[in-house]
Amino acid sequence: MTSGGPAAARFAVVGNPGNRRVDLFADAVRAAGLPGPRVVPWADVLRDGGADFAPGEIVRLDSPGEDAHVDRLLRGTDDPTRVEGSARWYATFTSALRGLRGGRRLDDPDDLAVLFDKRRCHAVLAAAGVPVPASPTSGPGAPPVRGWDDVRALMREHRMPRLFVKLAHGSSASGVLAVESAGGGRIRATTSVELAPDGRLFNSLRIRRYTDERQIAAVVDALAPDGLHLERWLPKASQRGRAADLRVVVVDGRATHAVVRTSTSPLTNLHLGGRRGDLDEARAAVESAGARWADVLAVCERAAACFPRTLCVGVDLLPAIGWRRAAVGEVNAFGDLLPRLTGLPGSGAEGRDTYAAQVTAALRRHGPTRAPGAQDPRHARDPNGPRDADDPNDPRDANESNVPHGSTHHPLHPHDTRTGSAHAIA
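Cut-off values and rules
- Residues numbered from 1 in each chain as written.
- Predicted model: local features only at pLDDT ≥ 70, side-chain atom pairs only at ≥ 80, totals over all residues.
- Heavy atoms only, no water.
- Helix = DSSP H or I, 4+ residues; strand = E, 2+ residues; numbered from the N terminus.
- Buried < 20%, exposed > 50% of the residue type's maximum accessible area, 1.4 Å probe, protein only.
- Contact = heavy atoms within 4.5 Å.
- Pairing = 2+ DSSP bridges.
- Axes fitted to C-alpha atoms, helices over the stretch in contact; angles between N-to-C directions.
- Core = buried A, V, L, I, M, F, W, Y, C linked by side-chain atoms within 4.5 Å.
- pLDDT = per-residue confidence, 0-100.

The next subject is the overall build of the protein. Across its full length, the protein holds 11 helices and 16 strands. Residue burial in the protein is summarised as follows: out of 426 residues, 59% are buried. Contacts spanning at least 24 positions in sequence make up 69% of the contacts within the protein whose residues lie at least 6 apart.

As a further point, take the pairing of strand β11 (residues 242–251). Counted residue by residue, β11 has 9 buried out of 10 residues, so it is predominantly covered. Sheet analysis places strand β10 (residues 238–239) next to β11, joined by 2 bridges and oriented antiparallel. When the sheet's bridge partners are listed, Gln 239 is paired in β11 with Arg 242. The hairpin formed by β10 and β11 contains 2 residues between the paired strands, and Arg 240 there has a positive phi angle of roughly 55 degrees. Where β11 lies against strand β12 (residues 254–263), 9 bridges are found, and the strand directions are antiparallel. Bridge pairing links Val 248 to Ala 258 in β12. Taking the residues between adjacent antiparallel strands as the criterion, β11 and β12 are bridged by 2 residues, where Asp 252 takes a positive phi near 50 degrees.

Here we come to the sheet that holds strand β3 (residues 51–61). One open sheet holds the 4 strands; their spatial order is β2-β1-β3-β4, and the pairing between them is parallel. Of all strands in the sheet, those bounded by a partner on one side alone are β2 (38–41) and β4 (100–105). Neighbour-to-neighbour, the strand axes of this sheet turn through a mean angle of 50 degrees, independent of strand direction. Note that strand β1 (residues 10–15) and β3 share 5 bridges and pair parallel. Each bridged residue has a counterpart across the sheet, and for Ala 12 the counterpart in β3 is Val 59. Contacts from helix α1 (residues 20–31) reach β1, β2 and β3, with the element oriented near 175 degrees to β1.

So, on to the environment of Val 328. With respect to the element layout, Val 328 can be found in strand β15 (residues 326–332). Taking the relative accessible area as the measure of exposure, Val 328 reaches 0% and is therefore buried. Linking Val 328 and Leu 246, residues 82 residues apart in sequence, is a C-alpha distance of 9.3 Å.

A word on the sheet that holds strand β8 (residues 201–210). Judged by pairing direction, the sheet is antiparallel, and its 5 strands sit side by side in the order β8-β7-β6-β5-β9 without closing on themselves. Strand pairing shows two members of the sheet lacking a second neighbour, β8 and β9 (228–232), which therefore form its edges. On average, each strand axis in the sheet is tilted by 25 degrees relative to the strand beside it, whichever way the strands run. The pairing of strand β6 (residues 177–181) with strand β7 (residues 187–195) spans 5 bridges and is antiparallel. Counted as the bridge partner of Glu 180 is Arg 188 from β7. In this fold helix α7 (residues 148–157) packs onto β5 (162–167), β6, β7 and β9, with an angle of close to 55 degrees to the strand it touches most, β6.

One finds Phe 93 and Val 331 to be the most contacted residues of the largest nonpolar core, which totals 57 residues. Top element by residues in this core is helix α10 (residues 293–304). It accounts for 7 residues. Residues Phe 25, Leu 311, Leu 341 and Val 359 belong to the second largest nonpolar core, which totals 26 residues.

This part takes up the environment of Asp 226. Within the secondary structure, Asp 226 is located in the loop between α8 (213–223) and β9. Between the C-alpha atom of Asp 226 and that of Arg 146, which follows or precedes it by 80 residues, the distance is 9.6 Å. Apart from the residues within four sequence positions on either side, Asp 226 is in contact with Glu 84, Gly 85, Ser 86, Ala 87, Leu 167 and His 169.

Mean pLDDT over the protein: 86, with 84% of residues reaching 70 or higher. Of the regions scoring below 50 in pLDDT, residues 1–6 engages in 15 contacts with residues more than four places distant in sequence or in other chains. Note that pLDDT drops below 50 for residues 369–426; the model gives that stretch 219 contacts with residues more than four away or on any other chain.

This is the structure in structure tokens:
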């Protein structure tokens, strides 16, 4: 804790001004009795090649998504619905991270570089003893995937009739294909990718199932230049007849918040038709299966511990069929967008949302808790406006982007909410 009283703690956030993420974090900072954070726009960072921070500033990095201009600077495209360009996004983003100087950082550039590369993330988890599913593309010595022919060869070589094909630097299910093969050479791919007649790929709000191998090959061949990662498909548990997983936020080493996501497809993202499930029901299912809920959360904490210099990550937990075992589905650098969701019992974040929990943890590391007479962060108001906090179908409560009514393409770049993925089973 720093000396000099409450005025000694000042926050800065690198984000997109006016974005709901930045606004939610700023509300939490002010609720802690501190001045609102200094907002450093991603557009300025990308234009200037970096930014400088005062020695005492506590610096948070937020998602560069949901801004067409920033997306254009990162990916070099004027169409935010396009899937291609994730390799350029990654190169530009990680270069920008290296240009940030000074301050007390809540997000480590080296951690983020790993989190946003699924191949490297998978290898880091495996090396740390976090169980992961089979992946022929994990780590620096893995063979490149140059197209569909390589995918087919690796499926045969590693006996993986069901697998996920993912963009190495993708997020929000962009470029993800759940591939399953059957007898007689039959193959099917479930994905949100829309293949246009001219061969271009678009993010769509509608799940598609391709059964023509020529179309699947065309999609994979178009994705391959951006880098691909393959993982064995681990069957998940169900809740009320729908496949289920959980988003668990880990703050400063502790699992603090969790939601259940359910779907009729392998992709549970809410913007793709997923729905909020029942967390109490999930916990009861785990305990009825003879497992301990604390051990399930500990799997997420073990994954987060691989990135100790980053204050907060969002972990997608995949419960295995029967709920007795669990798998880590995604480790997300920007996986904390869960408005109005308060902390888990016993987490130390009871009554606080994910942003208030992070402010409290950051001040515990770097500054005073809050100014005398200031509002407790747990009472911070959600700036997204009045609505039912328990509404299970509000996409804003599950780290997903809002989409205009009637749109079939995802209007935001796939990197607006999360990435950095790896699967693990415990």
